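Geometric and topological summary
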Amino acid sequence: MSKKNNNLFIQDGDNVIELLGAELEAFEANRKAMIDEQVLVETEYRNKQEARQDAIKKLAKIVGLTDEEIAAII
Amino acid sequence: MATTTNYGWTTPDDTALVKDGAAAIRSLGSSIDTSLNTALGTKKAGLVLLNTTSFTGVASTSLTQGIFNSSYRNYFIRIQFTGATASGSLTFRFRTTGTDNSNANYQKQELSSSSTTVTGARSANQTSFTISSLQTDFNIADIYLYNPQIVSNTGFQIFTAIVPATTGPLTVHQVGGFNATTQFDAMSFISTGANITGYYQVYGYND
């Protein structure tokens, strides 16, 4: 199957279809919405991870762990 | 008396008499019936291969319309996929009569491991389900799918192995569902980045 660079193809069952015009624009817009959604989820996840690590660091300092000991558990 | 190679079913010799033909057929039929029932453990196969499809350098690939139907309640899909570059993720959406469902009803809980680091994550009310990031090495995912064609919530669990040669393998176990009673007849695998190449097999579970 030969394909030109930068063209988008989708497969429906065994049929391969090149996306053109409005279909291509709709697919790209849809995909951008999915990416934006993923970024939001990943940002929320990363923020929670950072908050958890900060909390562990604070607790670890209180109980007197060294920086090396803290680094080993987070 | 001649017998077949694998199961030893008795078949008539070339010199057998025509008058004994009915009894020979009856005996052979009975032997086949017994052997099949023994091999399958029931009257039909438990897991039935419905479709195998390859895809090469595409942005998305959709299962054949109607592959989820009233013949089977639950399905198993094994997919192997590779990204043209390590860009974006492989996601999926369920599908009805040729249209992907992008309603914000996809729920996910996942447990992943990378070396000694184990992490959990949850996302709710998404418009698609992300299986994994794309790698130029192959990834594999086993998808257990429950009730896609039933008027009921659709559930699934996915075991994914991400196999990047540079960082070492990762494992992900995801469970989730589509939180509405929509009936689906197929699903689409959609890349959010690089084009994808691979193949999938779809099986139906007999009740």
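Bear in mind that the values here come from a model prediction, so they are computed numbers and not experimental data.

Residues and elements named next belong to chain B. In total, this model carries 19 aromatic pairs over all chains according to the counting rule given. Ring centres of phenylalanine 94 and phenylalanine 156 lie 5.9 Å apart, and the angle between their planes is 55 degrees; on these two criteria the pair is classed as tilted. Taken together, the residues phenylalanine 94 in strand β6 (residues 89-96) and phenylalanine 156 in strand β12 (residues 154-162) connect sequence positions 62 residues apart. Judged by its relative accessible area of 0%, phenylalanine 94 is buried. Its relative accessible area of 3% is what places phenylalanine 156 among the buried residues. Here the basic side chain of lysine 108 rests over the ring of phenylalanine 129, its NZ or CZ set 5.1 Å away from the ring centre.

Moving on to helix α1 (residues 21-63) of chain A. Each full turn of the α-helix corresponds to 3.6 residues, which orients residues three or four apart in the same direction. All names here are of chain A. Taking 1.5 Å as the rise per residue, α1 with 43 residues should run 63 Å; its terminal C-alpha atoms sit 63 Å apart, in good agreement. Every buried residue of α1 is listed here: Phe27, Arg31, Met34, Glu37, Gln38 and Ala60. Following α1 by one or two positions, glycine 64 has its phi on the positive side, about 90 degrees.

Next up on the list: the interface of chain A and chain B. Counting residues at the interface gives 20 residues for chain A and 30 residues for chain B. A buried area of about 1,800 Å², summed over both sides, lies between chain A and chain B, and 44% of it is on carbon and sulfur atoms. The largest per-residue losses of area from chain A upon contact with chain B belong to Gln11, Met34 and Glu37 of chain A, which jointly make up 31% of the total buried on that side. Here chain A and chain B share 11 residue pairs in polar contact (both at pLDDT 80 or more) between them. When residues of the side of chain A that touches chain B are traced back to their parent elements, those giving at least two are β1 (9-12) and α1 of chain A. Here the residues of the side of chain A that touches chain B are counted per class, giving 10 nonpolar, five polar and five charged. When β1 of chain A meets strand β4 (residues 60-62) of chain B, the two strands line up parallel, connected through three bridges. Looking at β4 of chain B, one finds that isoleucine 10 of chain A is bridged to serine 60 of chain B.

So, how was this worked out
- Residues numbered from 1 in each chain as written.
- Chains lettered and ligands numbered in written order.
- Predicted model: local features only at pLDDT ≥ 70, side-chain atom pairs only at ≥ 80, totals over all residues.
- Heavy atoms only, no water.
- Phe/Tyr/Trp six-rings, centres within 6.5 Å; stacked < 30°, edge-to-face > 60°.
- Helix = DSSP H or I, 4+ residues; strand = E, 2+ residues; numbered from the N terminus.
- Buried < 20%, exposed > 50% of the residue type's maximum accessible area, 1.4 Å probe, protein only.
- Lys NZ or Arg CZ within 6 Å of the ring centre and 35° of its normal.
- Expected span 1.5 Å × (residues − 1).
- Contact = heavy atoms within 4.5 Å.
- Buried area = accessible area lost by both parts, 1.4 Å probe.
- Polar contact = N/O pair within 3.5 Å; in protein donor to acceptor, adjacent residues only side chain to side chain.
- Nonpolar A, V, L, I, M, F, W, Y, C, P; charged D, E, K, R; others polar.
- Pairing = 2+ DSSP bridges.

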